[in-house]
Amino acid sequence: MKFSSNKIGLMQGRLSPVIKKRIQSFPSKTWVREFNYLKKANLRLMEWTLDYEEIRQNPIFDKKKINLIKYLKKKNQVIVESLTADFFMQKPFWKYKKKNMILKNLFIDVINAVRNIGIKIIVVPLVDNSKIQNIHEMKQVIIFFKEITSILKKNNQIVAFETDLSPKQNLIFIKKFNPKYFGINYDIGNSASKNFKCEEEIKLYGNYIKNIHIKDRIIFGKTVRLGYGNVNFEKFFRALKKKKYKGNFVMQTARSKNNKHFNEVKINLNFLKKWFI
């Protein structure tokens, strides 16, 4: 059994120049062009990304640009089903007392806005700057997301948490939520960097995985080209087949060192071919 190549997508910004030395950010100057670039790469799936900086200027909050997004999707036959809420890593509400409510309301505005362009999966990163560090932060996260379940239900959306919790802790965490509206975004590269065993993780909570980020990383190190890190892709895809995973695979791969980002994407796509049809 192989997975459908229609399920392979790319993180927004990966086909644009690097901004401020960040591996990932919203490509404010080239986001329109990326739809065409994606088509040229024979990809039909894009995951939107959203930074805190100038967040209200993002096209998702502009009615005219929403219509443009719909036009670009149709013209290039591109599906946009998911969004990575990177602004959570930059401004996690559970770490700000004064801005707590403002940041919570911002998230609600975001999920309501992206409904208009067909986004059904909201990836919430609980890693790096937004990692949960104590019981108080954990309680804040759980209470807030449980409170917005009715909004997710109304919008027909799912929140997929990406955490750096241990596999057993991750399972305990996700079981606190309604599985109809909450799940896990599994990042195979981040998992490998923590020296977790992907086959054990997927066996443990594979039924909760709603979206997958594909990257390769060195143990306790940086993101590298697929096949050059510590991800065991054979075990990874074999474990997913056992769980009959039907969701998307979004490439969140390393950037080109010489700014040839389109070529880098093609190289990584070629690496994945053996597991897709």
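Not measured: the values here are computed from a predicted model.

A look at helix H11 (residues 261–272)
Compared with the 16 Å implied by 1.5 Å per residue over twelve residues, the 17 Å span of H11 between its first and last C-alpha is a close match. Among the residues of H11, His261, Glu264, Val265, Asn268, Leu269 and Leu272 are the ones counted as buried. The arc that holds every buried residue of H11, seen down its axis, measures 135°, which confines them to one face. Elements in contact with the buried residues of H11: strand S1 (8–11), strand S7 (209–214), helix H10 (233–242) and strand S10 (248–251).

Topic: helix H1 (residues 31–40)
Every α-helix winds through 3.6 residues per turn, so residues three or four apart in the chain are directed the same way. Here H1 has its buried residues at Trp31, Glu34, Phe35 and Leu38. One side of H1 carries all its buried residues, which in axial view fall inside an arc of 110°. Note on H1: the residue one or two positions beyond its end, asparagine 42, has a positive phi of about 60°.

Re the side chain of serine 191
Secondary-structure assignment places serine 191 in helix H8 (residues 188–193). A relative accessible area of 5% places serine 191 in the buried class. At 2.3 Å, the side chain of serine 191 and the side chain of glutamate 201 are in polar contact.

Structural notes on unusual backbone geometry
Not every positive phi belongs to a glycine, and glutamate 54 is a case in point at roughly 55°. In this structure, glutamate 54 sits in the loop between strand S2 (45–49) and helix H2 (63–76). On the basis of relative accessible area, glutamate 54 is assigned to the exposed category, the value being 54%. Unusually for a residue other than glycine, phenylalanine 220 sits at a positive phi of about 55°. Note on placement: phenylalanine 220 falls in the loop between strand S8 (216–217) and strand S9 (223–224).

A few points about the packing of helix H7 (residues 167–174) against helix H9 (residues 198–205)
As a packed pair, H7 and H9 sit with axes 10 Å apart at the nearest point and diverge in direction by 20°. Considered as vectors, H7 and H9 are oriented roughly parallel to each other. Helix-helix and strand crossings are classified by hand; for H7 and H9 the assignment is right-handed. Contact residues: Pro167, Lys168, Asn170 and Leu171 in H7; Glu201, Leu204 and Tyr205 in H9. Of the residues in the contact of H7 with H9, the class split is four nonpolar, one polar and two charged.

So, the pairing of strand S4 (residues 121–126)
Burial analysis of S4 places six of its six residues in the buried class, which makes it a mostly covered element. Burial along S4 is two-sided: Ile121, Val123 and Pro125 facing one way and Ile122, Val124 and Leu126 facing the other are all buried. Bridge analysis of strand S3 (residues 79–84) against S4 gives three bridges, and the strand direction is parallel. Within S4, the residue paired with serine 82 across the bridge is isoleucine 121. Sheet topology places S4 next to strand S5 (residues 158–163); six bridges connect them, and they run parallel. Paired with isoleucine 121 across the strands is isoleucine 158, a residue of S5.

With respect to the pattern of salt bridges
Inspection of the entire model under this criterion finds nine salt bridges. Among the salt bridges present, the one from glutamate 53 reaches lysine 20, with a minimum N-O distance of 2.9 Å. With a gap of 33 residues between them, glutamate 53 in the loop between S2 and H2 and lysine 20 in the loop between S1 and H1 connect regions that are remote in the sequence. Exposure remark for glutamate 53: the relative accessible area of 43% places this residue in the partly exposed category. Close ionic contact of glutamate 264 with arginine 225 constitutes a salt bridge, the shortest N to O distance being 2.8 Å. In this pair, glutamate 264 sits in helix H11 while arginine 225 sits in the loop between S9 and H10, placing the two residues 39 residues apart along the sequence. Taking relative accessible area as the criterion, glutamate 264 reaches 9% and is therefore assigned buried. With a relative accessible area of 31%, arginine 225 lands in the partly exposed category. One connected set of salt bridges, linked through shared partners, spans Lys20, Arg22 and Glu53.

Notes on the nonpolar core
With 80 residues, the main nonpolar core has Trp48, Phe107, Phe145, Phe161, Phe236 and Phe237 as its most contacted residues. Top element by residues in this core is helix H4 (residues 100–114). It accounts for eight residues.

What counts, and where the lines are drawn
Residues numbered from 1 in each chain as written. Predicted model: local features only at pLDDT ≥ 70, side-chain atom pairs only at ≥ 80, totals over all residues. Heavy atoms only, no water. Helix = DSSP H or I, 4+ residues; strand = E, 2+ residues; numbered from the N terminus. Expected span 1.5 Å × (residues − 1). Buried < 20%, exposed > 50% of the residue type's maximum accessible area, 1.4 Å probe, protein only. Arc of directions from axis to C-beta. Contact = heavy atoms within 4.5 Å. Polar contact = N/O pair within 3.5 Å; in protein donor to acceptor, adjacent residues only side chain to side chain. Axes fitted to C-alpha atoms, helices over the stretch in contact; angles between N-to-C directions. Parallel < 35°, antiparallel > 145°, perpendicular 65-115°, else oblique. Left-handed = near helix turned anticlockwise from the far one by under 90°. Nonpolar A, V, L, I, M, F, W, Y, C, P; charged D, E, K, R; others polar. Pairing = 2+ DSSP bridges. Salt bridge = Lys/Arg side-chain N within 4 Å of Asp/Glu carboxyl O. Core = buried A, V, L, I, M, F, W, Y, C linked by side-chain atoms within 4.5 Å.

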